[in-house]
Amino acid sequence: MASYLHGVHTPHRKKTRHKPVLRMNVPQTVTIPMSMHIGAPSVPIVKVGDLVKVGQKIAEAGGFVSVPVYSSVSGKVSKMKDYYTADGRTVPAVVIQTDGEQTVCENIAVPTVTNRDELLTALKESGVIGCGGAGFPTHVKFAVEPEKIEYLVVNGAECEPYVTSDTITMMNRADEMEHALRVICSILGIRNVVIGIENNKKRAAVSMRQMCAALTEANATVKMLPSVYPQGGEKVLVYHTVGRVIPEGKLPIDVGCVVINCTTLAVIGQYLLTGMPLVEKCVTVDGGAVANPQNVLAPVGTALSDLFDACGGLTCEPAKYIYGGPMMGVTVPTADEPVMTNTNAVMALTAKEAWLPETTACIRCGSCTNHCPFGLAPMAISHAYKVGDVDTLKTLNVETCMLCGCCSYVCPANRPLVQRNK
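Analysis parameters
- Residues numbered from 1 in each chain as written.
- Predicted model: local features only at pLDDT ≥ 70, side-chain atom pairs only at ≥ 80, totals over all residues.
- Heavy atoms only, no water.
- Axes fitted to C-alpha atoms, helices over the stretch in contact; angles between N-to-C directions.
- Helix = DSSP H or I, 4+ residues; strand = E, 2+ residues; numbered from the N terminus.
- Parallel < 35°, antiparallel > 145°, perpendicular 65-115°, else oblique.
- Left-handed = near helix turned anticlockwise from the far one by under 90°.
- Contact = heavy atoms within 4.5 Å.
- Nonpolar A, V, L, I, M, F, W, Y, C, P; charged D, E, K, R; others polar.
- Pairing = 2+ DSSP bridges.
- Buried < 20%, exposed > 50% of the residue type's maximum accessible area, 1.4 Å probe, protein only.
- Lys, Arg positive; Asp, Glu negative; His and termini not counted.
- Salt bridge = Lys/Arg side-chain N within 4 Å of Asp/Glu carboxyl O.
- Polar contact = N/O pair within 3.5 Å; in protein donor to acceptor, adjacent residues only side chain to side chain.

(A) Inspection of the packing of helix α3 (residues 165–172) against helix α5 (residues 202–214) at higher detail. Put simply, α3 and α5 touch, their axes get as near as 8 Å, and they point 40° apart. Here α3 lies oblique to α5, going by the angle between them. α3 and α5 meet at a crossing whose hand is left-handed. Residues Thr 167, Met 170 and Met 171 of α3 lie in contact with α5, whose contacting residues are Arg 203, Ala 204, Ser 207 and Met 208. Partitioned by chemical class, the residues of the contact of α3 with α5 number four nonpolar, two polar and one charged.

Structural data, given as structure tokens:
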């Protein structure tokens with residue numbers, strides 16, 4: 001299992017961590033896909049020509065592992081179109097021509113939450129998902145027997161280079177996080193809360209310690225962690241905060257834990273306090289091609305090009321656009337792609353930043369295994385995949401791989417190890 005010695009030391013490059021958050025101007029149009037989360041796509045309930053307002057529901061959940069989707073702007077539905085996701089699927093998307101008024105829907109109301117059923121309903125209706133990038137519907141995580149939850153582990157590690165949106169959340173939205181924890185812990189009877197933060201986020205740690213001191217509903221503590229990537233990986237975080245090992249094929253709840261991202265917690269708090277669902281995201285906009293990197297508060301569905309314009313534009317033609325950070329982020333083809341509910345960062349990388357050296361022969365150095373958080377053998381896995389040896393892949397525990405990319409990062413031969421695993 002992982003230890004502090006595994007993983008890699010990536011350059012932090014977190015130059016946006018102390019800059020004020022910019023609320024961008026409302027874009028002319030937004031494109032809101034119906035699949036911004038793990039699970040079934042949402043089902044649109046609006047049509048072309050409909051007038052919508054901020055916070056108005058525009059799609060129902062498509063199943064249990066799904067969430068409703070809400071309009072992030074006020075304006076008119078101008079188009080229903082097919083949207084091609086980063087993983088190759090085709091899903092519906094709602095295009096809204098904004099009116100610039102940002103009129104709030106009159107149906108917005110603070111939810112009543114006095115018991116477990118009402119809490120689960122509120123979590124689902126808020127539209128909240130894993131805001132750190134995973135996109136797993138949050139209500140599903142808590143739809144377990146409450147007595148199984150021994151620890152609520154809050155992920156504030158934010159170990160990816162460049163990305164600081166979670167750090168900003170912990171510094172600026174502690175009140176909303178605290179309210180969410182009060183409600184969740186009191187209703188579900190959770191007695192232990194552990195907030196995992198890398199030790200390079202001192203100001204965020206101070207904010208979280210103050211929040212923990214005020215929280216009487218549970219024993220809440222801040223666990224400072226070495227700034228070693230991938231500290232924020234779910235299995236790594238659980239091991240380093242509460243010392244429990246999540247076996248292959250199992251979930252955190254199987255070892256008594258629920259893991260929730262700090263920004264997800266803040267969104268829950270906002271919904272419980274105001275009734276406003278998830279309609280905007282704080283997004284780190286960075287990369288060598290961005291003129292003025294900063295964190296931007298943007299309506300869901302905003303085109304990446306509008307984000308870049310809010311940051312002073314681009315200084316050169318980017319070699320690569322990425323959702324998320326450079327280690328586990330997803331490359332997207334153009335700057336026309338929209339901000340999703342699980343978008344925590346957007347990168348516009350220069351040719352120098354995106355350059356990958358030529359692949360050469362494996363020299364059997366073992367660096368990939370030495371740095372793997374789970375002690376896997378990436379090169380052996382790669383070979384077994386190449387020859388179609390399924391039994392060996394199972395023996396090598398390939399499904400334990402979290403696709404963190406440490407193996408490819410340290411490989412002196414620049415082998416496409418994480419790409420092969422994926």
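Further notes follow.
(B) Examining the environment of Val 258 more closely. Relative to the helices and strands, Val 258 resides in strand β12 (residues 257–261). Between the C-alpha atoms of Val 258 and Lys 141, which are 117 residues apart in sequence, the distance is 6.8 Å. Contacts of Val 258, omitting those with residues within four sequence positions, involve Lys 141, Phe 142, Ile 149, Tyr 151, Leu 152, Val 153 and Ile 253.

(C) Geometry of the sheet that holds strand β9 (residues 151–156). A sheet is described by the order of its strands in space; here four strands give the open sequence β11-β10-β9-β12, paired in parallel fashion. The outermost strands of the open sheet, each flanked by one partner alone, are β11 (219–225) and β12. Going from strand to strand, the sheet's axes swing by 25° on average, the running direction of each strand aside. Pairing between strand β10 (residues 192–198) and β11: seven bridges, direction parallel. Bridge assignment links Glu 198 to a residue of β11, and that residue is Leu 225.

(D) Fine view of the side chain of Lys 281. In this fold, Lys 281 is placed in strand β13 (residues 280–286). Asp 166 provides the closest opposite charge to the buried, salt-bridge-free Lys 281, at an N-O distance of 7.1 Å. Among the polar contacts made by the side chain of Lys 281, one reaches the main-chain carbonyl oxygen of Cys 131 at a distance of 3.4 Å. For Lys 281, the side chain forms a polar contact with the main-chain oxygen of Thr 341, separated by 3.0 Å. Once residues lying within four places of it in the same chain are set aside, the contact partners of Lys 281 are Cys 131, Val 296, Leu 297, Ala 298, Val 300, Val 339, Met 340, Thr 341, Asn 342, Thr 343 and Asn 344.

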